[in-house]
Amino acid sequence: MNVATPSVLNIKELLSRVDNDHELVNELFFIFKSVFPSHLQRLSDAVANELPKQVEAESHTLKGMLLNLSAARAAALAADLENLGRQGEIAGMSDVLTGFQSEAQTLLLQMESVEFQS
Amino acid sequence: MKILIADDDPISRRLLEKTLQVAGYDVLAVPNGLAAAEQLCKQDGPRLALLDWEMPELDGPAVCREVRKKKDQGYVYMILLTSKGLKTDIVTGLGSGADDYLTKPFDSGELKARLRTGQRILHLEGRLVEARENMRFKATHDSLTSLFNRGVIMELLGREISRSRRERAPTAILLCDVDHFKNINDTHGHLIGDEVLQEAARRLLLSVRSYDYVGRYGGEEFLIILNNCDPVSAPRRAEEIRRSLSDTPVQTGAGPLLVTMSMGVHQTQNWGVRTVEELLHEVDSAMYAAKSAGRNRISFTKADISSDADHQPSTVPARSLR
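Criteria and thresholds
- Residues numbered from 1 in each chain as written.
- Chains lettered and ligands numbered in written order.
- Predicted model: local features only at pLDDT ≥ 70, side-chain atom pairs only at ≥ 80, totals over all residues.
- Helix = DSSP H or I, 4+ residues; strand = E, 2+ residues; numbered from the N terminus.
- Buried ≥ 20, exposed ≤ 12 C-beta atoms within 10 Å, placed from the backbone.
- Contact = placed C-beta atoms within 7 Å.
- Nonpolar A, V, L, I, M, F, W, Y, C, P; charged D, E, K, R; others polar.
- Pairing = 2+ DSSP bridges.
- Axes fitted to C-alpha atoms, helices over the stretch in contact; angles between N-to-C directions.
- pLDDT = per-residue confidence, 0-100.
- Expected span 1.5 Å × (residues − 1).
- Bend = angle between axes of the 7 residues up to and from the residue.
- Left-handed = near helix turned anticlockwise from the far one by under 90°.
- Core = buried A, V, L, I, M, F, W, Y, C linked by C-beta atoms within 7 Å.

### Remarks on the overall build of chain B
Okay, so step 1: Along chain B, the regular secondary structure elements total 10 helices and 13 strands.
Okay, so step 2: Counting only C-alpha atoms, chain B reaches 85 × 50 × 30 Å along its principal axes.
Okay, so step 3: Out of the 322 residues belonging to chain B, those deemed buried represent 38%.

### Side note on the overall build of chain A
Okay, so step 1: Helix and strand content of chain A: 5 helices and 0 strands.
Okay, so step 2: Listed N to C, the secondary structure of chain A is α-α-α-α-α in terms of helices and strands.
Okay, so step 3: Taking the principal axes of the C-alpha coordinates as reference, chain A spans close to 45 × 30 × 20 Å.
Okay, so step 4: Put simply, chain A has 118 residues, and 36% of those count as buried.

### With respect to the interface of chain A and chain B
Okay, so step 1: Of the residues lining the interface, 15 residues belong to chain A; the matching set on chain B comes to 12 residues.
Okay, so step 2: For the side of chain A that touches chain B, the elements supplying multiple residues, two or more each, are α2 (22–48) and α3 (52–68) of chain A.
Okay, so step 3: With 7 residues, α3(A) is the single largest residue contributor to the side of chain A that touches chain B.
Okay, so step 4: Residue composition of the side of chain A that touches chain B, by class: 8 nonpolar, 4 polar and 3 charged.

### Some details on unusual backbone geometry
All names here are of chain B.
Okay, so step 1: The residue after K104, namely P105, is reached through a cis peptide bond having omega -5 degrees.
Okay, so step 2: The backbone of E57 shows a phi angle near 70 degrees, a positive value even though the residue is not glycine.
Okay, so step 3: By the secondary structure assignment, E57 is in the loop between β3 (48–52) and α3 (60–69).
Okay, so step 4: A tally of 12 C-beta atoms within 10 Å means that E57 is categorised as exposed.

### As for the sheet that holds strand β2 (residues 26–30) of chain B
Residues and elements named next belong to chain B.
Okay, so step 1: Read across the open sheet, the 5 strands follow the order β2-β1-β3-β4-β5; overall the sheet is parallel. Looking along the sheet, the strands with just one partner apiece sit at the ends: β2 and β5 (100–103). Here the strands of the sheet are splayed against their neighbours by 20 degrees on average, with no regard to which way each runs.
Okay, so step 2: Alignment of strand β1 (residues 2–6) against β2, held across 5 bridges, turns out to be parallel. Bridge pairing in β2 links K2 to D26.
Okay, so step 3: Its contacts with the sheet put helix α5 (residues 108–140) on β3, β4 (77–82) and β5, and the angle it makes with β4 is roughly 160 degrees.

### Some remarks on the confidence of the model for chain B
Residue and element names in this part refer to chain B.
Okay, so step 1: Residues of chain B with pLDDT of at least 70 account for 93%, and the chain-wide mean is 90.
Okay, so step 2: Counted against residues more than four places away or in other chains, residues 304–312, with its pLDDT under 50, gives 15 contacts.
Okay, so step 3: Under a pLDDT of 50 for its full length, residues 318–322 has, in the predicted model, 10 contacts with residues more than four places off or in other chains.
Okay, so step 4: With a pTM of 0.70, the predicted complex shows an ipTM of 0.87.

### Quick look at α2(A)
Okay, so step 1: Between its first and last C-alpha atoms α2(A) spans 38 Å; for 27 residues at 1.5 Å apiece the expected length is 39 Å, and the two agree.
Okay, so step 2: Its axis deflected by about 35 degrees at A:F36, α2(A) carries its strongest bend there, up to four residues before the proline A:P37.
Okay, so step 3: Those residues of α2(A) not exposed but buried are A:L24, A:V25, A:L28, A:F29, A:F32, A:L43, A:A46 and A:V47.
Okay, so step 4: Those residues of α2(A) that are buried are in contact with α1 (11–17), α3 and α5 (93–114) of chain A together with α1 (10–22) of chain B.
Okay, so step 5: Looking one or two places after α2(A), you find A:E50, whose phi comes out positive at around 55 degrees.

### Looking at the packing of helix α8 (residues 190–206) of chain B against helix α9 (residues 233–246) of chain B
Two packed helices can be described by the angle between their axes and the distance between those axes.
Residue and element names in this part refer to chain B.
Okay, so step 1: Where α8 meets α9, the axes come as close as 9 Å, and the angle between the chain directions of the two elements is 145 degrees. Crossing of α8 against α9: the hand is right-handed. Contacts between α8 and α9 pair A200, R203, L204 and L206 from the former with I241, S244 and L245 from the latter.

### Quick notes on the pairing of strand β7 (residues 213–216) of chain B
Looking down a regular strand, the side chains alternate between one sheet face and the other.
All names here are of chain B.
Okay, so step 1: Relative to strand β8 (residues 221–226), β7 is paired through 4 bridges, and the arrangement is antiparallel. Opposite R216, over in β8, you have F222 as the bridge partner.
Okay, so step 2: In this antiparallel pair of consecutive strands, β7 and β8, the connection spans 4 residues.

### Overview of α9(B)
Residue and element names in this part refer to chain B.
Okay, so step 1: Here α9 spans 20 Å end to end across 14 residues, near enough to the 20 Å set by a 1.5 Å rise per residue.
Okay, so step 2: Residues A234, R237, A238, E239, I241, R242 and L245 constitute the buried set of α9.
Okay, so step 3: Buried positions along α9 lie against β6 (171–178), α8, β8, β11 (261–268) and β12 (298–300).

### So, the nonpolar core
Okay, so step 1: A:L66, A:A74, B:A36, B:A49, B:L51 and B:M78 are the most contacted members of the largest nonpolar core, which totals 63 residues.
Okay, so step 2: By residue number, the principal contributor to this core is α2(A), which donates 8 residues.
Okay, so step 3: Beyond its immediate sequence surroundings of up to four residues, B:A49 is in contact with B:I3, B:L4, B:A36, B:L40, B:V76 and B:M78.
Okay, so step 4: If you look at the next biggest cluster of nonpolar residues, it comprises 41 residues, including B:A172, B:M263, B:A286 and B:M287.

Written as structure tokens, this is what we have:
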């Protein structure tokens, strides 16, 4: 992988942040998988209904979660959506949302593959 | 140390909670700003807080403003967590009353270092408060006996008489003088005399209710104010106080000493127009009447028995009240 390209899930960075606590990483993944669908649904609804303030708020929340999980690529797309929402730019939101959804699916699959044995 | 974490993001909240628990903090985690403000405004609430900037209902800066409104509690050190990086945002955050800020996602080393800074500030504040309280105590209490000093007991007396006049509630003023105190000093030395005064003060304090006042009026004189003390109870209570000293010898470096005191008592709810000084003069006269009558006894001012017009003291031998 190109070092300049952020990975979907930087597990090394995440483990470093939690002092190599595998159990905590599993717990964080579990929390993310529990809350992510409802956040994504609200974000999709806000984009579909052209509600930039809600797009900004939801994508901000998702960005925070993804940064904490060292999921930089998805976090960057959430940040793009947040900026579009802040600037009230409806056009382009759908495309970024599609990219975000795709990235999130990849992320969820990676989470499944790296879950640690307790 | 107890620390509050307020973050609506469950991942961030759990990550902070675990990191700080491992670091030895007693963590209280809440999911919104309202709950955070409620906890931080409690008298015994956490003094250290990590607040997410963006939260529903009450955001981090709003929590800071709420907490800073409370003036009657210890300082709360608050750190805002933010993914906002603009200088204007930082200025807004610090302007709301936050002490510091940390950018998300946090680095655990930086987080712990900033929290240690907060703890140092809180520790320093604790020492300042302690120093202020010590100074306040020294300014209001007698250094030998730790009772209220003369200035404070006189002020309390003035306040209590005003209250008694206003509410027509009975109050008793007792002026106690340790008998033959000069002899104690001359025979055993001033250090033993100090021990006697300290023990007398301790027994006087133990023999009154928590809402009565006891102060050192002069060398071996103590002034006691008994709030809401009705005419029937006053002689009995005065006698209990007198006996608190005379019944058990005082243990001193020179061995046990039998110590007594003479007491002047004024008890009324009809204060007339007399000043505090005039009232004290009457109690003082009653106390000297007790001395003249043989010491180790109580003498009442005339006013508490009949009217304020006649101020001649009437002495009651100690045994008649037993």
